[in-house]
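# Reading the structure
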Amino acid sequence: MHLLRIALASLANRRFTALLTAFAIALSVCLLLAVERVRTEARASFASTISGTDLIVGARSGSVNLLLYSVFRIGNATNNIRWDSFQHYANDPRVKWAIPISLGDSHRGYRVMGTSTAYFDHYQYGHRQNLQLAQGRAFADDPFEVVLGAEVAEALHYTLGDHLVLAHGIAAVSLVKHDDKPFTVVGVLKRTGTPVDRTLHISLAGMEAIHIDWHNGVPARGAGRISAEQARGMDLQPAAITAFMLGLNNKIATFSVQREINEFRNEPLLAILPGVALQELWSLMSTAEQALFVVSLFVVLTGLIGMLTAILTSLNERRREMAILRSVGARPWHIGGLLVLEAAALAAAGIIAGLALLYAGIALAQGYVQANYGLYLPLAWPSAHEWSLLGLIFVAALLMGSVPAWRAYRQSLADGLSIHL
């Protein structure tokens, strides 16, 4: 205890240098824990981009490809699936709900998705959170109504009642537009931090209406064109959709339904479990994830090296102090232990301050990060993994402190009493 008091008094005597050293360690600890927490929560958020959905079904291709275009609106389907195939499974007694998805059009770089009102009732994200409207309502009987994701409405400055024209295809700039059938904004969804925010949602009837006078991917000309008013009075049931999502009454039946869909004889289908496909997709990005973690470790190492440099630099200035301690009965190991305790105190102060900075940052940025990036950063105690990282940092600081301690241990009393110019 006496040695610890002396170590703390010595640090207090050099308080400015000690505070700077502890602050450098605190910043590096805060960065490491922030990166680790964001990495952990990003993985959890990524895995919860879609939740509560048991199966996603599309044309037979790859599981990652199906996940990308159906959930993340990235890429395209290899083929469409027939409407009667969707109805076959939507009416299956084992199925609680079914959400059809029709893709292929865009608006100023944002994807358009045709679906049914079941999408607003049953689609979930995050921790089983349902979609909610910030303004207006969901589309209803009129096929030319659109519900915007939060990012679309904000970026393009759309409000309720505005009219917009969809473009054929998914290019940022399209030369072919459905300008004869404009849509009216009737709702804006609350921000979710998922691809829903970057999507325009229309009804399946609306998707069918804008293509009703198209033949072989080309719009009709002249008398062959069908106006929006004419389209409203026609049968707008789709012949094909891109994919569909299923929620089952019994989770135990998931694998049997998946196998049955994959062996469907009427057309080649692929059913995937969203969670499994998300993990497969995340594994493809593990290299970047690990690289970010390694960079943050090097930042911590830099902070500890700064501590080592500060203690080593002070050794020459403190030779007389060490000699006085030796002269009053301190043994060489007392001198070495004093420097190790100083390193331990600096590391402990840095770790505590780093945790304080982390929680202050989370408290300030929690709402903004969740609203804009869909990441929920909890104000929770460090996890077991984070505690292990902090323990390793403390042990590394003790090892760093042993270097100047060994040098001080080797200094003799005569060397300490002599003055070096």
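Below, the structure is looked at part by part. (Residues numbered from 1 in each chain as written. Predicted model: local features only at pLDDT ≥ 70, side-chain atom pairs only at ≥ 80, totals over all residues. Heavy atoms only, no water.)

### A few points about the overall build of the chain
Looking only at helices and strands, one finds 15 helices and 17 strands in the chain. Per-residue burial for the chain yields a buried fraction of 47% across its 421 residues. At a minimum sequence separation of 6, the contacts of the chain that also span at least 24 residues come to 78%. Summing over all exposed atoms, the chain offers an accessible surface of approximately 20,800 Å²; the carbon and sulfur share of this is 61%. (Helix = DSSP H or I, 4+ residues; strand = E, 2+ residues; numbered from the N terminus. Buried < 20%, exposed > 50% of the residue type's maximum accessible area, 1.4 Å probe, protein only. Contact = heavy atoms within 4.5 Å. Areas by Shrake-Rupley, 256 points an atom, 1.4 Å probe, with all protein chains shown as cover.)

### Observations regarding the environment of Thr-40
Considering the arrangement of structural elements, one finds Thr-40 in helix H2 (residues 15-47). Using a relative accessible area of 40% as the deciding quantity, one classes Thr-40 as partly exposed. Sequence separation between Thr-40 and Glu-289 is 249 residues, and the spatial gap between their C-alpha atoms is 10.0 Å.

### Brief notes about the nonpolar core
Side chains of a nonpolar character, in soluble globular proteins, are inclined to be buried together. Within the largest apolar cluster, 33 residues are counted, with the highest numbers of intra-cluster contacts made by Ile-56, Leu-67, Val-71, Tyr-119, Tyr-123 and Met-245. At the level of secondary structure, the elements contributing two or more residues to this core comprise helix H3 (63-71), strand S3 (95-107), helix H5 (118-122), strand S11 (183-189), strand S16 (243-248), strand S17 (269-272) and helix H10 (274-284). In terms of residue count, H3 provides more of this core than any other element does, five residues in total. Val-29, Leu-33, Leu-377 and Ile-393 belong to the second largest nonpolar core, which has 27 residues in total. (Core = buried A, V, L, I, M, F, W, Y, C linked by side-chain atoms within 4.5 Å.)

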